[in-house]
Amino acid sequence: MKKIYSSIFLLAFTLSAQAQYSPQQPFTGTIGTTLAESTPGHTVFNKKAPAGSPNVVWILIDDAGFGATTAFGGLVETPNIEKIANNGLRFTNFHTTAICSPTRSALLTGRNHHSAHVGLLTPAVVDFPGYDTHIPFEKATVAEILRENGYNTFALGKWHLTPVAENGYAGPFNRWPTGRGFDHFYGFQPGATDQWHPELWEDQTKLDIEPNTKHLNTLLADQSIQYIANQKSSDAEKPFFLYLAPGATHSPHQVSKEWIDQYKGKFDAGWDQYREVVFERQKKQGIIPADAKLPERNPGVRPWKELTEKEKKAYAHYMEVYAAFYSFTDYEIGRIVNYLEQIDQLDNTLLVLVLGDNGASPGGGESGTINPEINRMEEGEAKIDAILKAGPIIGTDQSNTDYPIAWAAAANTPFRYWKGDANTEGGTRNPMIISYPKVIKERGIRNQYGHVIDVLPTTVELIKGFVPETIQGYKQAPVEGTSLAYSVGNAKAPSQHTVQYYEIAGSRSIYKDGWKASIHHDMWEQSIDRGSKADTTGKSIDFSKDVWELYNLNEDFNERINLAAKYPEKLKELQALFDEEAKKYNVYPLKDFTAANMPVGRTVYGKRTTITLFPGVEHLVGVNNPLYDGRSFSVTAEVELSTGKEEGVLFAVGGEKSGISLFLKEGKVQFAHKANGQISSLVSTSSLPTGKVSFKFDYTLTGPVEGSTTVGTEILYVNGTKVAERNIPKGQATISSGNRVDGTDVGRDQRSAVSDQYVVPFNFTGKLKKVTIQYTK
């Protein structure tokens, strides 16, 4: 009975976060002493959408360059996206913020990303209005707005907007999707997840889908169709809003072999030819000006003809995998659209596709990424040989693949640079498609200037909706975007969005009426997105050394000719405008990743030095998984033993290739450390005591010392007495597993065994009180 009451309470709590605002209404009837003497009222308790209101579907692709998809001249086959584009309008002058979380905050709120308090990625939080990552409730999301318009609302896929410290089981949940207007959420919180073994949540419940054989794209499409089918079967006339944000095409690039094989040999000509071919295709499609010129290669991109044959083979395969990943994503998008057509809903559905939350990502570096072992290798022939040998696993769950930066540059054709560069069109210009067959009869291309903050007001205008003055008691700040609906029926209409600032980690620019002033500030030097160690001491790079550039996009749309020296007054005018906009929208103080004051990594534990875990806790992965690599720490397990013969795992992390495990077996306490598949062990020599017992191991990193072959020590204790010790050899300090399924377990080892001395889950048979992780540095 208690369990039933608990479930009812949880359901009520969850629904309260999702409910449409419904205050008590005045009674309009008359009340007598009997029903015969009374007249019922006609109270409308929940606002309903007007009859015939359209469904709304937004789809946001991740990390996709302007020149990737065939719908915009690229060579990655996306027939379903093309079909939607052919049945609607292609917007070629549309922009994002240049990186993940900021673009999503701007898209969903219709406000600039600093204005929405998400000036950088959510792990880069610092307590200033532009960077605290707490989107104000006074700046409602599109889901909150459409819910008040009588819509059901569903979010699927990548969220990446909840403050990192609030991503855990303790919440608070008011900035989860279900707290920001969505009736249901099915997806993942962090910036990326494994496509074969995703970290999935439904509403506020962590899902365990293992052993899983379905790709994340398929899971998202299945659930999208399920949400639509359930909603329409319950109320066929009620419209819905579905926001789909797949993990594709963010790394890891993972997809089945059957899709990869379709691209075998198709990129053997290399990235230089890709750029040239796509550039000409874009001209023929009218995507870019007929007299446009292709920019020079980005710095750091080698000419394809200078590569060895081995390098060409290795690098071409990366692009085959990426293209397959994007094509498969298109296929699953097609399943959703086809379902809408099957149930006669497509004609009355407003579809908005934004093909990238930023430009293509340079995260793969010069030679791409596959797994930690290969990634750590020095550039050279040995690394290329390793990449070629690993070819069969690229795209599988054994890989964490990202393509080389040269392919990112190619995918961004016709622009320079890439993700994170808020100063360039290559970082910020992404294709957008709008289709609404019942209403939008026009077809073709629209070149009006647009920004991601424009999607919300465009949607509201096209569906004839409204933005309430107050939502859930919060007086709403003005929407900052400009509706693009004016351009739907008039391809030649002048742009109405005439001023727009950009800033990400110090790279910044300002646009006004076709002119653009910009500054490049190298965020990738310190980027947490590339996995490097950011300096959190607060010592920021000197922004005063950044150099302004000036471009006339009306004549030079892809920023080939810097006019700063020729038009100093125009540059000065735009610099002043940037300062004005920056102050208006919370951009200051400027910060890059060196001054981020970030939580340690991307976990809910932030900078805590002590983490306490209790028996029964779910398998901890992703943001709920403590960090271990590169840190000194101890793990203490407090137990009660009645016989001294109890067995089982007390604590384990990792497992498949790397990890650590503290366990009891055969009357001994044992510790196993697996690094790159090799297992080292510590075993006590004395029998286990009974009663209350404390088992502890210390993991102390001293770092590499000249002349030494070790990097630290591991010591095992029982009730404070040292029982075993070893030095950690160089190359064996890795703890975290390369497999994203293997996280942290307490009282068992649920996934892959760390030690060969037991079979999972090897549940502990004694009484485990708690496990404490204590960081020492």
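The model shown is predicted, which means the values in this text are computed figures rather than measured ones.

What counts and how
- Residues numbered from 1 in each chain as written.
- Predicted model: local features only at pLDDT ≥ 70, side-chain atom pairs only at ≥ 80, totals over all residues.
- Heavy atoms only, no water.
- Helix = DSSP H or I, 4+ residues; strand = E, 2+ residues; numbered from the N terminus.
- Rg over C-alpha atoms; globule rule 2.2 N^0.38 Å.
- Buried < 20%, exposed > 50% of the residue type's maximum accessible area, 1.4 Å probe, protein only.
- Areas by Shrake-Rupley, 256 points an atom, 1.4 Å probe, with all protein chains shown as cover.
- Axes fitted to C-alpha atoms, helices over the stretch in contact; angles between N-to-C directions.
- Parallel < 35°, antiparallel > 145°, perpendicular 65-115°, else oblique.
- Contact = heavy atoms within 4.5 Å.
- Nonpolar A, V, L, I, M, F, W, Y, C, P; charged D, E, K, R; others polar.
- Phe/Tyr/Trp six-rings, centres within 6.5 Å; stacked < 30°, edge-to-face > 60°.
- Pairing = 2+ DSSP bridges.
- Salt bridge = Lys/Arg side-chain N within 4 Å of Asp/Glu carboxyl O.
- Polar contact = N/O pair within 3.5 Å; in protein donor to acceptor, adjacent residues only side chain to side chain.
- Core = buried A, V, L, I, M, F, W, Y, C linked by side-chain atoms within 4.5 Å.
- Expected span 1.5 Å × (residues − 1).
- Arc of directions from axis to C-beta.

(A) Broad picture of the overall build of the protein chain. What the protein chain contains, in helices and strands, is 14 helices and 29 strands. For the protein chain, whose C-alpha radius of gyration is 28 Å, the value lies close to the compact-globule estimate of 28 Å for 777 residues. Overall, the protein chain is about 90 × 85 × 50 Å in size when its C-alpha atoms are taken along their principal axes. The buried share of the protein chain, taken over its 777 residues, is 59%. Accessible surface, the protein chain as shown: approximately 30900 Å² in total, 52% of it carbon and sulfur.

(B) Broad picture of the packing of helix α2 (residues 79–86) against helix α8 (residues 309–342). At a closest axis distance of 7 Å, the pairing of α2 and α8 adopts a crossing angle of 50°. Taken together, α2 and α8 sit at an angle that is classed as oblique. For the pair α2 and α8, contact is made by Pro-79, Asn-80, Ile-81, Lys-83 and Ile-84 and by Tyr-326, Asp-330, Tyr-331, Ile-333, Gly-334, Val-337, Asn-338 and Glu-341, respectively. Its residues placed into classes, the contact of α2 with α8 shows seven nonpolar, three polar and three charged.

(C) Structural detail: the side chain of Thr-413. Assignment of secondary structure puts Thr-413 in the loop between α11 (405–411) and α12 (425–428). In contact with Thr-413, other than residues within four places in its own chain, are Phe-66, Gly-67, Arg-275, Val-278, Phe-279, Gln-282 and Leu-294.

(D) Summary view of the packing of aromatic side chains. Counted under the stated rule, the structure contains 39 aromatic pairs. Seen in terms of ring centroids, Phe-182 and Tyr-243 are 6.2 Å apart; in terms of plane orientation they differ by 25°. Their pairing is stacked. Linking Phe-182 in the loop between β4 (152–158) and β5 (184–188) with Tyr-243 in strand β8 (residues 240–245), this pair joins segments that are 61 residues apart in sequence. Side by side, Phe-182 and Tyr-243 carry an identical accessibility label, which is buried.

(E) Up close: the sheet that holds strand β20 (residues 633–641). If you trace the six strands from one edge of the open sheet to the other, you get β19-β29-β20-β25-β26-β27, paired in antiparallel fashion. Edge positions in the open sheet fall to β19 (610–613) and β27 (721–729), since each of these has one partner strand only. Neighbour-to-neighbour, the strand axes of the sheet open up by a mean angle of 15°, direction not taken into account. Summarising the sheet, strand β26 (residues 710–718) and β27 pair through eight bridges and their orientation is antiparallel. Counterpart to Leu-716 in the pairing with β27 is Ala-724.

(F) Fine view of the pattern of salt bridges. Under the counting rule described, the total for this entry stands at 31 salt bridges. A salt bridge links Asp-222 to Lys-214; its shortest N-O distance comes to 2.8 Å. Here Lys-214 falls in the partly exposed class, since its relative accessible area comes to 39%. Among the ionic pairs, Asp-222 bridges to Arg-335, the shortest N-O distance being 2.7 Å. Residue Asp-222 is found in helix α5 (residues 216–234), and its partner Arg-335 is found in helix α8; the two are separated by 113 residues along the sequence. A relative accessible area of 24% means that Asp-222 is categorised as partly exposed. Under the relative-accessibility criterion, Arg-335 is labelled partly exposed at 25%. Residues joined by salt bridges that share partners form a network here, namely Asp-62, Arg-104, Lys-158 and Asp-357.

(G) Region of the structure containing unusual backbone geometry. In this chain, Tyr-588 is followed by Pro-589 through a cis amide linkage whose omega measures 0°. By the element assignment, Pro-589 lies in the loop between α14 (568–584) and β19. With an omega of 10°, the peptide bond running from Val-760 to Pro-761 counts as cis. Relative to the assigned elements, Pro-761 resides in the loop between β28 (744–746) and β29 (767–775). Phi at Asp-63 takes a positive value of approximately 55°, unusual for a residue other than glycine. With respect to the helices and strands, the residue Asp-63 is situated in the loop between β1 (55–60) and α2.

(H) Up close: the environment of Asn-112. Here Asn-112 lies in the loop between α3 (100–109) and α4 (142–148). What makes Asn-112 buried here is its relative accessible area of 3%. Sequence separation between Asn-112 and Ile-393 is 281 residues; the distance between their C-alpha atoms is 41 Å. Filtering out sequence-adjacent residues up to four positions away, Asn-112 remains in contact with His-451, Ile-453, Glu-480, Gln-500, Tyr-501 and Tyr-585. A polar side-chain atom of Asn-112 sits 2.9 Å from a polar atom in the side chain of Gln-500.

(I) Quick peek at the nonpolar core. With 85 residues, the main nonpolar core has Trp-271, Tyr-315, Tyr-326, Tyr-403 and Trp-407 as its most contacted residues. Setting aside residues no more than four positions away along its own chain, Trp-271 makes contact with Val-301, Arg-302, Pro-303, Trp-304, Leu-307, Tyr-315, Ala-406, Trp-407 and Ala-410. Membership of the second largest hydrophobic core comes to 49 residues, among which are Ala-143, Tyr-151, Ile-440 and Val-488.

(J) Fine view of the sheet that holds strand β23 (residues 668–675). Taken together, five strands build an open sheet; the order of strands is β24-β23-β22-β21-β28 and the sheet is antiparallel. Both edges of this open sheet fall to β24 (678–683) and β28, since each of them pairs with a single strand only. Geometrically, the sheet is characterised by an average inter-axis angle of 15° between neighbouring strands, direction not taken into account. Where strand β21 (residues 648–654) meets β28, three bridges bridge the pair, whose relative direction is antiparallel. Its bridge partner being in β28, Ala-652 is matched across the sheet by Asp-745.

(K) Structural detail: α14. Spanning 17 residues, α14 covers 24 Å between terminal C-alpha atoms, matching the ideal 24 Å at 1.5 Å per step. Every buried residue of α14 is listed here: Leu-571, Leu-574, Leu-577, Phe-578, Glu-581 and Ala-582. The buried residues of α14 occupy an angular sector of 135° when the element is viewed end-on, so they sit on one face. Opposite its buried face, α14 presents the exposed residues Glu-569, Lys-572, Glu-580, Lys-583 and Lys-584, each directed more than 90 degrees away. Just downstream of α14, Asn-586 is the residue with a positive phi angle, here 75°.

(L) Broad picture of the environment of Glu-332. For Glu-332, the location among the structural elements is in helix α8. Remark: the alpha-carbon pair of Glu-332 and Asp-222, spanning 110 residues in sequence, is separated by 8.8 Å. For Glu-332, the residues in contact, after removing those within four places along its chain, are Asn-217, Thr-218 and Ala-221. A polar side-chain atom of Glu-332 sits 2.7 Å from a polar atom in the side chain of Thr-218.

(M) Representation of α8. In a regular helix each residue adds 1.5 Å, so 34 residues correspond to 50 Å; α8 covers 49 Å between its end C-alpha atoms and thus fits that length. Following α8 by one or two positions, Asp-344 has its phi on the positive side, about 60°.

(N) Representation of the pairing of β23 in the model. Of all the eight residues making up β23, seven are buried; the element is thus mostly covered by neighbouring parts of the structure. Relative to β23, strand β22 (residues 659–665) runs antiparallel, the two sharing seven bridges. Paired with Leu-664 across the two strands is Val-669, which belongs to β23. Hairpin connection of β22 to β23: two residues between the antiparallel strands, including Glu-666 at a positive phi of 55°. Bridge count for β23 against β24 is six bridges, and the pairing is antiparallel. When the sheet's bridge partners are listed, Phe-671 is paired in β24 with Leu-682.

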